Protein chains: 4
Amino acid sequence: HGHFSGSILQIQFADQKQEFNKRPSKIGRRSLSRSISQSSTDSYSSGKRTQAHFSASYTDSSDDETSPRDKQQKNSKGNGDFCIKNIKQADFGRREIEIAEQEMPALMALRKRAQGEKPLAGAKVVGCTHITAQTAVLMETLSALGAQCRWAACNIYSTQNEVAAALAEGGFSVFAWKGESEDDFWWCIDRCVNVEGWQPNMILDDGGDLTHWIYKKYPNMFKKIKGIVEESVTGVHRLYQLSKAGKLCVPAMNVNDSVTKQKFDNLYCCRESILDGLKRTTDVMFGGKQVVVCGYGEVGKGCCAALKAMGSIVYVTEIDPICALQACMDGFRLVKLNEVIRQVDIVITCTGNKNVVVREYLDRMKNGCIVCNMGHSNTEIDVASLRTPELTWERVRSQVDHVIWPDGKRIVLLAEGRLLNLSCSTVPTFVLSITATTQALALIELYNAPEGRYKQDVYLLPKKMDEYVASLHLPTFDAHLTELTDEQAKYLGLNKNGPFKPNYYR
Amino acid sequence: HGHFSGSILQIQFADQKQEFNKRPSKIGRRSLSRSISQSSTDSYSSGKRTQAHFSASYTDSSDDETSPRDKQQKNSKGNGDFCIKNIKQADFGRREIEIAEQEMPALMALRKRAQGEKPLAGAKVVGCTHITAQTAVLMETLSALGAQCRWAACNIYSTQNEVAAALAEGGFSVFAWKGESEDDFWWCIDRCVNVEGWQPNMILDDGGDLTHWIYKKYPNMFKKIKGIVEESVTGVHRLYQLSKAGKLCVPAMNVNDSVTKQKFDNLYCCRESILDGLKRTTDVMFGGKQVVVCGYGEVGKGCCAALKAMGSIVYVTEIDPICALQACMDGFRLVKLNEVIRQVDIVITCTGNKNVVVREYLDRMKNGCIVCNMGHSNTEIDVASLRTPELTWERVRSQVDHVIWPDGKRIVLLAEGRLLNLSCSTVPTFVLSITATTQALALIELYNAPEGRYKQDVYLLPKKMDEYVASLHLPTFDAHLTELTDEQAKYLGLNKNGPFKPNYYR
Amino acid sequence: HGHFSGSILQIQFADQKQEFNKRPSKIGRRSLSRSISQSSTDSYSSGKRTQAHFSASYTDSSDDETSPRDKQQKNSKGNGDFCIKNIKQADFGRREIEIAEQEMPALMALRKRAQGEKPLAGAKVVGCTHITAQTAVLMETLSALGAQCRWAACNIYSTQNEVAAALAEGGFSVFAWKGESEDDFWWCIDRCVNVEGWQPNMILDDGGDLTHWIYKKYPNMFKKIKGIVEESVTGVHRLYQLSKAGKLCVPAMNVNDSVTKQKFDNLYCCRESILDGLKRTTDVMFGGKQVVVCGYGEVGKGCCAALKAMGSIVYVTEIDPICALQACMDGFRLVKLNEVIRQVDIVITCTGNKNVVVREYLDRMKNGCIVCNMGHSNTEIDVASLRTPELTWERVRSQVDHVIWPDGKRIVLLAEGRLLNLSCSTVPTFVLSITATTQALALIELYNAPEGRYKQDVYLLPKKMDEYVASLHLPTFDAHLTELTDEQAKYLGLNKNGPFKPNYYR
Amino acid sequence: HGHFSGSILQIQFADQKQEFNKRPSKIGRRSLSRSISQSSTDSYSSGKRTQAHFSASYTDSSDDETSPRDKQQKNSKGNGDFCIKNIKQADFGRREIEIAEQEMPALMALRKRAQGEKPLAGAKVVGCTHITAQTAVLMETLSALGAQCRWAACNIYSTQNEVAAALAEGGFSVFAWKGESEDDFWWCIDRCVNVEGWQPNMILDDGGDLTHWIYKKYPNMFKKIKGIVEESVTGVHRLYQLSKAGKLCVPAMNVNDSVTKQKFDNLYCCRESILDGLKRTTDVMFGGKQVVVCGYGEVGKGCCAALKAMGSIVYVTEIDPICALQACMDGFRLVKLNEVIRQVDIVITCTGNKNVVVREYLDRMKNGCIVCNMGHSNTEIDVASLRTPELTWERVRSQVDHVIWPDGKRIVLLAEGRLLNLSCSTVPTFVLSITATTQALALIELYNAPEGRYKQDVYLLPKKMDEYVASLHLPTFDAHLTELTDEQAKYLGLNKNGPFKPNYYR
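Conventions adopted
- Residues numbered from 1 in each chain as written.
- Chains lettered and ligands numbered in written order.
- Predicted model: local features only at pLDDT ≥ 70, side-chain atom pairs only at ≥ 80, totals over all residues.
- Heavy atoms only, no water.
- Least-squares fit on C-alpha atoms with pLDDT ≥ 70 in both.
- Contact = heavy atoms within 4.5 Å.
- Pairing = 2+ DSSP bridges.
- Helix = DSSP H or I, 4+ residues; strand = E, 2+ residues; numbered from the N terminus.
- Axes fitted to C-alpha atoms, helices over the stretch in contact; angles between N-to-C directions.
- Buried area = accessible area lost by both parts, 1.4 Å probe.
- Salt bridge = Lys/Arg side-chain N within 4 Å of Asp/Glu carboxyl O.
- Phe/Tyr/Trp six-rings, centres within 6.5 Å; stacked < 30°, edge-to-face > 60°.
- Buried < 20%, exposed > 50% of the residue type's maximum accessible area, 1.4 Å probe, protein only.
- Lys NZ or Arg CZ within 6 Å of the ring centre and 35° of its normal.
- UniProt positions renumbered as here; feature names shortened; annotations may be inferred.
- Polar contact = N/O pair within 3.5 Å; in protein donor to acceptor, adjacent residues only side chain to side chain.
- Nonpolar A, V, L, I, M, F, W, Y, C, P; charged D, E, K, R; others polar.
- Parallel < 35°, antiparallel > 145°, perpendicular 65-115°, else oblique.
- Left-handed = near helix turned anticlockwise from the far one by under 90°.

K.L.:
Please explain the relation of the copies chain D and chain C as it appears in this structure.
P.N.:
Here the second copy of the chain follows from the first by a rotation about an axis and a shift along it. Rotating chain D by 180 degrees and translating it 0.1 Å along the rotation axis places it on chain C, where the RMSD comes to 0.1 Å. In short, the pair behaves as if placed about a two-fold rotation axis. Same-surface contact between copies: 100% of interface residues of chain D are shared with the interface of chain C.

What follows is the structure, encoded as structure tokens:
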């Protein structure tokens, strides 16, 4: 496996920089550090953050510089099998979790249904995700369903310390804090899996690092592991590569491509977050602005719809003729970037591609043009090309840089080209609820699947479970589903309980 | 084959009445005849119909009641291998075809590219579709690509006689006229296939009747047939049944489910035709009207978007939780029909299901409520339940009936529950262009595919060809596609020429 | 008054050709006649036209070419004080009126309230409007309110003969038929006012011809006339000219500029009729089409909103910077016509101005470009400039001409540049209901106003009555108005019953 | 005048609490103070705030508690005729002003045009407005046009200290700082007007306090004053009261009701700020949410359009039947608040009225319901009724309170019922540019108007100037206005340079 990690994954790391730069290069880390010191809103976690939270956080940084790894902490029951910033923040964290629970009705419904049966009884889940109030609701749901959990953070900056405290206080073995070093990061993961008398049989991963670590350090563990549930584009990509290389040794569930997640995270969520991210950073007025959106996939569709609705004039670029034709029919001029680059007020990338906005285009933008990225990676805008001596960078707000040309022209670059929606807006809890519910169901499915249903491959969530996730979220909207009559079900050749659509339907 | 047609297909006919009632029962035929005598706009063919056309048609009916089968006609070159209404209408038909050509740029582009190579050289295509100006452009394109064609109509009412005349004048063996009897219908199909010295090697079908006829009468013909291209929901359904029963003996291409067709015929086309169909029939003002749309698939999405944009208040019913959640996120109240049936002004079915609007709901609608069907079949509204003695039917316009309750309440029923968009609005040539181009490419693909690429199964159009169809239509919108750089293609792991998306992407 | 009609009005006729060309020049009449013979849908009247209606109409033209002026007809009660096409059509007309009543709830409500008091008792109203089912509902309402009515048509083509018959049968003195000559036109008007033993004390006019006739022939009649209610732009313009010239000798109510009428007739109604008119004439697909809308007043706003919603890409031209800025904020590129004329698929004029689309622009349009007019006059498109020898006109459908350039380029001209929404779509009864209700209230107000409230001037409808008209239409939408509490009314300084806004509020 | 201020104005103060609580009651002030200490984003000023700005502000509060009134400061030229926080912040402020200049092209254009003539030469303007970067651009424009200016703040919290410093450094006599006491507030105003050897001849006021002060203390000053330009609803209301009472002794220009300001500040600006304000405070997802908007004036129209576009289901309440009918036609269910109060997720008030959302409704809202105010005053929500012992208030974020019922139900109250768009979102500079340009033009008009054009009354801005303001902002959108030909202007009876619409046109 050493060979493996030395080839596939390292190449991948070089090529496909991950959004959160867990293991940032020197330059990467420097810029991230700066952004942290500059902004308390520079956060991808969502939900209500209370005043208390901010106070607590403030307290942290001012009076306690000791590394969590050097502290001895115990929760009120005397349990010390965790490593977090400060167990005293547990009360603050509990409140955050309670607020999140209100907007995650599907998980709460799962808990209720689990009062009788425990579909995860015996499950030992090791997880590696962002540690936020929403994740806490998921973890406590898994626990209510019968699972034991050990958890690390998938990102060195994203942990809500007070939530981690609340989890530790509640008896969860959590190893995470905000501002881990790279060494801390792997240490925490290792503490989750390398524990006497406890061996995971399920993996819940977000980004693939936990999976990677086990492959690299404890490959034998896979013998007892029933499956991997992976959340992220990057992690899924890694799994497909493993599968292709014949090295995937347990079934894996690709949660990322489930319909509900795709539509919610991309189309519906971006429809809102593009407006939110632009407003919070620039206060720009949308009405009458000329905008070019690069890419008309789900993300681009969401961005375009929102901006059009707010009175912007939107141009679209595309490489795929089908999406291009959709853009046309939806009322957007389909152009090449160079046709409009001189006239637009805002440039938004949503391609998942690299070097979509290169220096040549940046040179030709007009004064005041706003440039930002809503796509899957931070490579869409060639930000590196702007770090040249003749250009001056001026940080005017958190997440907002003016890049100034010798003639005085300013480009407004947001989040240094990283994801605008993660950096500069918040993700509604409701969307996270869909993802978390999907993760929980995927765990249940893999854990309970009869021998042979899943092989050593990567699977999409069965349509029926996708539909179940959706149905659990309908009560939020007071939405009333119609049921097929027996006669209708027979006519359509469908089971009355679904699945209702072919797998390819989106 | 007798056994075959006696089981599978007959069951199907009983269950799934086709929209166009090719073989209408007595009641069905009576109502269709009536609608023909009452309305010159009661047509599913689209495009520009000139004054000349109407004059010609008028002349037909008044001075020539002879059956085409009893006439001897020859075109100007002395060829008489066709059977149509009146060869003298060829000039009128040619003009219709020329007008259609202007809006079918993709087929015209295919013709140009075919000047060098003839991808259908040697192909002998037998076709059974609506015979309209748009079909003529397709047939003449197939001919330009090297194919020989013989053609019949897939519907007894839909033939544009003057177009058939122009095709016959142009040397095509066409067997079709408007107002065929059922016997005529099968006779025409038979004349296409049962011909000395010519045997088809490709089938282009719309509805499956041609395919059915060959299965039944000339099963040996399949030995030389390279494939079937099928256009309709019904025909595709039949093919899947054949395939499931192990009786499909050549590859078949399911054109109906190609992405471009689905999105255009359903989402984009219905977005426009729902407004058009309602206006032409009822002149209703949309602003402020309360509407319930049953079904939130592509058709429902199109209807809802259009009506919302026009100021209607739209409610949605759904059985599928995913579509239901989409409806919620798109801003529609998800209800059961009985919750709103008393208050709505318009009821629209888009489910593909049967008995969605039953008598119980019709009884509870308010006075003046408009009821219509945009779904896949004419079974969504239980129209039969309205043909009872206590209710009075009053035909107030072509395609518009008032059904009157004893207390004076009137329901406005459109197209007797048949498809509103086919009965009461027109389909833009541009949409038909997409379908026709897809059919042409499917024929080319099946005809030229190397041995073994396609087995005796039903196939979706390869993604790449779907993308090609789309790309041929972009110039209409002066849309400029962006090309991947080599570096970008490599980064994405894509071929620069596509396909760009996984097959399941919609 | 001879002098008067010889100067002001004649100049006006030369300059401001009226939409309906009541007194068409030779060319005008020829084209109108043609359009009548070509199309039964070429009608500006709205509402449901039954099959019976069409049958009846057909009967008319085939078996009865006698001029109504030469016929002796009596209704079933022996009354013969009317002149219409055929009293036998009364039953058909009655049904039309009943259907219209269902969509004119406000007038029906006025009738109910009038059961006790008769606010028009003693009123003798002479009217000159389009004679349609909707007008009939108005006339019968005026009658129920206590008025006596005599009526002529304001347009030689717009009379629904069967409605006129129903009115005559009901005892109204109606003088109108479809297809009057110019001489008939004035004869009918004269028969309304020049009658022994009856002298009007109220005028309800649409276009100003009735008013003009009385000014010219019976100026003394104004001594007893309490006021004029005028509906049309043209008529109002004439009244303001009279007032400016000091020649207006009774109060006049400008119904045309009331808020409800403006918003409904223009913004909301055009939002729907632009789509309807384009579809019925050309079947054009809106999605992806490039459209330029000239003028961003209420009509232009409605057109732009609808087309944008249907997926068109819309450009706007404007002369007024405020409307221009609104267009920008609403998301439309503000251009000069010459910037986009080569690329657009559709050109729509909504300016109320003349020569907006001149030959120079027509020469530069691309092949297939559709040109139509939604503005206030038929002068916006310089159609005359297209009647030159090098261009060929081809009538392809009713209301649709192809104008063909020597190089084969075709422009699709709709309604010969006359109003698209009147020529090619229908006006919903609901909109006509608002206008008719406003007319009724204006008559009541002028008839009952205390001495001195209105002088010899042109008045806008008092805000409060505008609000009352609106309130009478809310039940149609099951809309529930909130009432101010006493405390709130005091806080706002408003009467609890309105008016709620300043007069200038729109 | 003592009598005057003792009656009219004091009553007004009691009844119509101003948004900014310049003279807050004890409770009011306490809450405001709290909000300041809690949030750096709790600001109504807009535009880009740089990091430098925040640093500077931080420095202020920590190291300098001396009252500005007790400091002796001079600018670099030795001028000390000002009173501000800290002249050393001038450079920071200058940068803010420069950034604002980029988005206020109209004022910059005015400066350019004024290079030849100085339309305000001799004008001595005393101003009382928010002191922000945008105001600075206005003041420096007035100066470039020839005016002398002295300025105070119209709000004790809104002054951007560094901007005030830049103005003082630039030679302006500014008397303002952030966090004035009420005594400071009046002292600053007095220092502007009560100065030896300088007497104002023009007043630019926002809220009417400056005008009030001069009326009360220096009524004789009005002899030399040529006019008042007033910006705010409140100030305009006061002026109309004065006028009605016969006490207005100079002409006043009501800038608030100019078309551009109304449409921009209300319709277009609120369309964006409702989304921004809700997101920044609650991160709520709009899709699928049920919202009730109270009031369908311009503000309500903007809010409804935005929320509908984002996928919310919007209900509207109205008192005015015309606005109610507009809501219906725009596709919103018109309800009474009590019909939907139990089911909605968000309640937004836009009425300008008081006690629209009273305790009774608050009691019936569901758990988690968000309540906020976008109207003209802070009285729309009866917040006082929530300050009772049985309810618990919990501040969860800046501007966000949870009000908790005994049963645990939480209402999310934003900005304590004050204006959401001022408290929780920013106003785009572009909108402020329109207002500032209008103010400048109003000053020019009043200052240069020939004797007798304006009497001692309150005037709306002449339509033509409104149009001029709009035209100055079109270049921002690269918008190209069409010019009338001579022939067209004659036809329309318009001057080619406008005004193009009647005064009442909106």
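K.L.:
Sorry if this is basic, but what is going on with the sheet that holds strand β13 (residues 400-404) of chain A here?
P.N.:
Pairing between the strands of a sheet is mediated by backbone hydrogen bonds and can be parallel or antiparallel. All names here are of chain A. Judged by pairing direction, the sheet is mixed, and its eight strands sit side by side in the order β9-β8-β7-β10-β11-β14-β13-β12 without closing on themselves. Looking at which strands have only one partner, the edges of the open sheet turn out to be β9 (333-334) and β12 (392-397). Pairing geometry for β13 and strand β14 (residues 410-414), over five bridges, is antiparallel. Across the sheet, the residue bridging to Ile404 is Arg410, located in β14. Across the face of the sheet, helix α11 (residues 259-282) comes into contact with β10 (346-349), β11 (370-373), β12, β13 and β14 while running at roughly 125 degrees to β14.

K.L.:
How should the sheet that holds strand β15 (residues 458-460) of chain A be read in this particular structure?
P.N.:
Residue and element names in this part refer to chain A. With parallel pairing, the seven strands of this open sheet are ordered in space as β3-β2-β1-β4-β5-β6-β15. Of all strands in the sheet, those bounded by a partner on one side alone are β3 (173-175) and β15. Sheet twist, expressed as the mean angle between neighbouring strand axes with direction ignored, is 20 degrees. Pairing geometry for strand β1 (residues 124-129) and strand β4 (residues 202-205), over four bridges, is parallel. Across the sheet, the residue bridging to Cys128 is Asp205, located in β4. The sheet strands contacting helix α9 (residues 209-217) are β1, β4 and β5 (227-230), and the helix crosses β4 at an angle near 135 degrees.

K.L.:
Before we go on, may I ask you to explain the interface of chain D and chain C in this structure?
P.N.:
Interface size is often expressed as the accessible area that is lost when the parts come together. On the side of chain C, 62 residues touch chain D, which itself brings 62 residues to the contact. Across the interface of chain D and chain C, roughly 5800 Å² is buried in total on both sides, 61% from carbon and sulfur atoms. Taken as a group, D:Ile319, D:Met329 and D:Tyr491 account for 13% of the area that chain D buries against chain C, more than any other trio of residues on that side. At the surface where chain D touches chain C, the tally comes to eight salt bridges.

K.L.:
For this particular structure, what's the right way to read the packing of aromatic side chains?
P.N.:
Both the distance between ring centres and the angle between the ring planes are used here to describe each pair of aromatic rings. Residues and elements named next belong to chain B. Counting across every chain of the model gives 36 aromatic pairs over all chains. Centroid distance Trp186 to Trp213: 5.1 Å. Interplanar angle 20 degrees. Geometry classified as stacked. Note that Trp186 is positioned in helix α8 (residues 182-193) and Trp213 in helix α9 (residues 209-217), a separation of 27 residues in sequence. A residue is classified by how much of its surface remains accessible, and Trp213, at 12% relative accessible area, is buried. The ring of Trp405 has Lys409 sitting right over it, with the charged end atom 4.2 Å from the ring centre.

K.L.:
Just to check I follow, could you spell out the UniProt feature "binding site: substrate" (unreviewed entry) in chain A for this structure?
P.N.:
Residue and element names in this part refer to chain A. Here the UniProt-annotated "binding site: substrate" (unreviewed entry) positions come out as Thr132, Asp206, Glu231, Lys261 and Asp265. Among the secondary structure elements, Glu231 is positioned in the loop between β5 and α10 (233-244). On the accessibility criterion, Glu231 (9% relative accessible area) is buried. Not counting residues up to four positions away in its chain, the partners in contact with Glu231 are Asp205, Asp206, Val255, Asn256, Lys261, Thr435 and Gln439. Locating Asp265 in the fold gives a position in helix α11. Residue Asp265 is classed as partly exposed on the basis of its relative accessible area of 22%. Leave out the neighbours within four places in its chain, and Asp265 touches Thr260, Cys270, Val431 and Thr435.

K.L.:
I tried to follow unusual backbone geometry on my own but got confused; where do I start?
P.N.:
Glycine aside, the phi torsion of most residues is negative, and most peptide linkages are trans. A cis geometry characterises the amide bond from B:Gly498 onward to B:Pro499, with omega recorded as 0 degrees. By secondary structure assignment, the location of B:Pro499 is in the segment after α19 (486-492). Positioned with a positive phi, D:Asn355 is a non-glycine residue whose angle comes to about 55 degrees. Assignment of secondary structure puts D:Asn355 in the loop between β10 (346-349) and α15 (359-364).

K.L.:
In this structure, what is going on with the interface of chain A and chain B? I would like to understand it.
P.N.:
Listed by partner, the interface residues are 62 residues for chain A and 62 residues for chain B. Across the chain A to chain B interface the summed buried area is about 5800 Å²; carbon plus sulfur atoms make up 61%. Looking at the side of chain A facing chain B, the largest losses of area belong to A:Ile319, A:Met329 and A:Tyr491, adding up to 13% of the total buried there. Viewed at the interface, chain B and chain A are joined by eight salt bridges. Put simply, A:Asp320 and B:Lys501 hold a salt bridge, and the shortest N to O gap is 3.0 Å. Where chain A meets chain B, there are 21 residue pairs in polar contact (both at pLDDT 80 or more). Elements represented by at least two residues in the side of chain A that touches chain B include exactly α11, α12 (298-309), α13 (321-329), β9, α18 (463-473) and α19 (486-492) of chain A. Ranked by residues supplied to the side of chain A that touches chain B, first place goes to α13(A) with eight residues. Each residue belonging to the side of chain A that touches chain B can be placed in one class, and the counts come to 27 nonpolar, 15 polar and 20 charged.

K.L.:
What am I meant to see in the UniProt feature "binding site: NAD(+)" (unreviewed entry) in chain A here?
P.N.:
Residues and elements named next belong to chain A. Per the UniProt record, "binding site: NAD(+)" (unreviewed entry) is found at Gly297, Glu298, Val299, Gly300, Lys301, Gly302, Glu318 and Asn421. Along the chain, the position of Lys301 falls in helix α12. A residue is classified by how much of its surface remains accessible, and Asn421, at 13% relative accessible area, is buried. Contact partners of Asn421, with chain neighbours within four places excluded, come to Cys270, Ser273, Met374 and Thr426.

K.L.:
Looking at this model, I keep getting lost on the packing of helix α11 (residues 259-282) of chain B against helix α17 (residues 429-448) of chain B. Mind explaining?
P.N.:
Each pair of packed helices can be described by the angle between their axes along with the distance between the axes. Residues and elements named next belong to chain B. One way to put it is that α11 packs onto α17 with a least axis distance of 9 Å and a crossing angle of 165 degrees. Comparing the axis directions of α11 and α17 gives the class roughly antiparallel. Where α11 crosses over α17, the handedness of that crossing is left-handed. Across the interface between the two elements, Thr260, Lys261, Phe264, Asp265 and Cys269 from α11 touch Phe430, Val431, Ile434, Thr435 and Thr438 from α17. Classifying every residue of the contact of α11 with α17 gives five nonpolar, three polar and two charged.

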